[in-house]
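Coordinate inspection notes
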Amino acid sequence: MKEKILISSCLIGQPVRYNGTAKQAHHPVLTRWQNEGRLVPVCPELAAGFSVPRSPSEIADNLSGEEVLNGTARIVTDTGQDVTSLFLSGARIALALAQQHKCRYAILTDNSPSCGSTTIYDGTFSGKTHPGTGATAALLRQNGVEVFSHTDIGSLQKRIDGF
Ligand code: SF4
């Protein structure tokens, strides 16, 4: 059976980001994996009920997705609205989808408070990032899904295809 891969919807061209844009990834293996039916797209924020466009959100206080999951960090919009529960809902939906499709791997968009897996914005809405994960990436990892940044698709290709 071919390995299925959970992937952030915006990476395959869906205009689902907060500002109505996509973040198309251009790694050549993605086209092949898509043609092979391996990709399982999800946008945790849309799945949770957010619309496009929506207010930008960040994990507050320089914290990370693990703290969001254990209840010690909040996710807020640029106007200070607490949207933590919606982000947690999106993370759970993404995990359920990964489990339904038996995905052992995910490729997620870095810097996002949902999908970031190596860096995220620091909560000041000033464009500064720090090492950390979004809520969805953290929940997937806690449940055994190996998460790769969209900047590191080559590492997943080596893992799956062996080259
Ligand atoms: S939540 Fe993830 S999939 Fe949705 S727009 Fe943000 S980075 Fe892309």
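Before going into details, it helps to say that this report is about the structure given with it. (Residues numbered from 1 in each chain as written. Predicted model: local features only at pLDDT ≥ 70, side-chain atom pairs only at ≥ 80, totals over all residues. Heavy atoms only, no water.)

1. Remarks on the site of the ligand
- The ligand sits among 14 residues. The nearest are Cys-10, Cys-43, Glu-45, Thr-109 and Cys-115.
- Per-class residue counts for the shell around the ligand are six nonpolar, five polar and three charged. (Near = heavy atom within 4 Å. Nonpolar A, V, L, I, M, F, W, Y, C, P; charged D, E, K, R; others polar.)

2. Brief notes about the sheet that holds strand β8 (residues 146-149)
- Taking strand neighbours across the sheet as the criterion, the four strands line up as β2-β1-β5-β8 in an open arrangement whose pairing is parallel. Across the chains shown, the open sheet's two edge strands, defined by having one partner strand only, are β2 (39-42) and β8. Adjacent strand axes in the sheet meet at a mean angle of 25 degrees when their direction is disregarded.
- As judged from the three bridges shared by strand β1 (residues 5-8) and strand β5 (residues 105-108), these two strands associate in the parallel manner. (Pairing = 2+ DSSP bridges. Helix = DSSP H or I, 4+ residues; strand = E, 2+ residues; numbered from the N terminus. Axes fitted to C-alpha atoms, helices over the stretch in contact; angles between N-to-C directions.)

3. Quick word on the nonpolar core
- Membership of the largest hydrophobic core comes to 16 residues, with the highest contact counts inside it found for Leu-6, Ala-98, Ala-106, Leu-108, Leu-140 and Val-147.
- No other element matches the four residues that helix α4 (residues 84-100) contributes to this core.
- With residues up to four places along the chain from it excluded, the contact list for Val-147 reads Ala-106, Leu-108, Ser-117, Ala-137, Leu-140 and Arg-141. (Core = buried A, V, L, I, M, F, W, Y, C linked by side-chain atoms within 4.5 Å. Buried < 20%, exposed > 50% of the residue type's maximum accessible area, 1.4 Å probe, protein only. Contact = heavy atoms within 4.5 Å.)

4. What about the packing of aromatic side chains?
- Following the criterion strictly, the structure yields two aromatic pairs and no others.
- For the ring pair Phe-50 and Phe-87, a centre distance of 5.3 Å and an interplane angle of 65 degrees mean the geometry is edge-to-face. Within this pair, whereas Phe-50 is found in the loop between α2 (44-48) and β3 (57-59), its partner Phe-87 is found in helix α4, the two being separated by 37 residues in sequence.
- When its relative accessible area of 15% is taken as the criterion, Phe-50 is described as buried.
- Among the residues examined, Phe-87 registers a relative accessible area of 3% and is labelled buried. (Phe/Tyr/Trp six-rings, centres within 6.5 Å; stacked < 30°, edge-to-face > 60°.)

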